[in-house]
Each structure stands twice: as structure tokens, then as C-alpha cells.
Amino acid sequence: MNTSNIKNYKPKDFAELLGVSDKTLQRWNREGTLKANRTLTNRRYYTYDQYLQFKGMNIENDKRQVVIYARVSTKNQKDDLQNQVAFLRHFCNAKGIILEQCIEGYGNRVTIY
């Protein structure tokens, strides 16, 4: 999965992703544990590749795929199902996420495309 779709993270967002505080990121940056990148205006930012490296994941061999899943309880809610799928597709497009597969279903019935 190419989850590096979000190219840059603000320190606050990156800290939340890691489950630490922004102050911890600042300290790690000073100590060299996790160096922040800098914009032209000297603002700190982090990348998804830094997240993967910090978590010890192999970036080059990342073969995961993005899949969306939408489900409603009954066939009568088919319009709601289509709205869910449209919303999820729009979200992926807005974030630049490459969608590999869509799974949708109602009740016990599932369709994969």
C-alpha cells in the first residue's frame, strides 16, 4: 500500500500518530532520535516514511493495498450503501489515496470489486 499519500505531517499530527507529545518530538529532534525536516520558513514537519522507519517497517517492500468497506443491514438501504461508497471514494480521492479494492454488502451478502 502506498500510504505515503500524506506527504508531510505537522508536528502535532505526527506526535498524535506516534502517540507522544509535541514536546517529546522536539526533544527527540534535539537529541537526534527523530530529526524533523524543515520548510523554507523553518517550520518543522515529518514524513510518512519517517513514521515507517521509526516503527521499524520496511518501506521498499511495502505491498499493502487500500481497501474500502461499506455495509448496510438490509437490501432496502441500497441508497445508503451507495452513499457510503461514494463518500469513501471521495475521501480517498481528496487525500490522493490510490484505491485498490471496494467491498460492499448488505445483510450477509458481500460484493467485492
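The structure displayed is predicted, hence computed values, not measured ones.

What follows deals with the environment of Ile 112. Along the chain, the position of Ile 112 falls in strand β6 (residues 109-112). In this structure, the C-alpha to C-alpha distance between Ile 112 and Tyr 51, residues 61 residues apart in sequence, is 31 Å. The contacts of Ile 112, once residues within four sequence positions are left out, are Gln 101, Cys 102 and Ile 103.

Turning our eyes to something else, we now look at the pairing of β6. Judged from the 4 bridges that link them, strand β5 (residues 101-106) and β6 form a sheet pairing that is antiparallel. Of the residues in β6, the one forming a bridge with Glu 104 is Thr 111. The turn linking β5 back onto β6 is made up of 2 residues, and Gly 107 within it adopts a positive phi angle of 55°.

In sheet architecture, strand pairing relies on hydrogen bonds along the backbone and comes in two forms, parallel and antiparallel. Read from one edge to the other, the open sheet built from 3 strands follows the order β1-β3-β2, with strand pairing classed as antiparallel. The sheet is open, and its two borders are formed by β1 (8-9) and β2 (37-38), each paired with just one other strand. The sheet strands contacting helix α2 (residues 22-31) are β2 and β3 (44-47), and the helix crosses β3 at an angle near 90°.

Once that is clear, we can look at the environment of Ala 15. Take Ala 15: it is sitting in helix α1 (residues 11-18). Residues Ala 15 and Leu 25, 10 residues apart in the sequence, show an inter-C-alpha distance of 6.7 Å. Setting aside residues no more than four positions away along its own chain, Ala 15 makes contact with Val 20, Ser 21, Asp 22 and Leu 25.

It is worth spelling out the sheet that holds β6 at this point. Ordered in space as β4-β5-β6, the 3 strands form an open sheet in which the pairing is mixed. Strands with a single pairing partner mark the edges of an open sheet, and in this sheet they are β4 (67-72) and β6. Put simply, the sheet's adjacent strands are angled 15° from each other on average, direction ignored. For β4 and β5, the ladder comprises 6 bridges, and the chain directions are parallel. Note that in β5 the partner of Ile 68 across the bridge is Cys 102. The strands touched by helix α4 (residues 78-95) are β4 and β5; relative to β4, the strand with the most contacts, the crossing angle is about 160°.

The rules behind these values
- Residues numbered from 1 in each chain as written.
- Predicted model: local features only at pLDDT ≥ 70, side-chain atom pairs only at ≥ 80, totals over all residues.
- Heavy atoms only, no water.
- Helix = DSSP H or I, 4+ residues; strand = E, 2+ residues; numbered from the N terminus.
- Contact = heavy atoms within 4.5 Å.
- Pairing = 2+ DSSP bridges.
- Axes fitted to C-alpha atoms, helices over the stretch in contact; angles between N-to-C directions.

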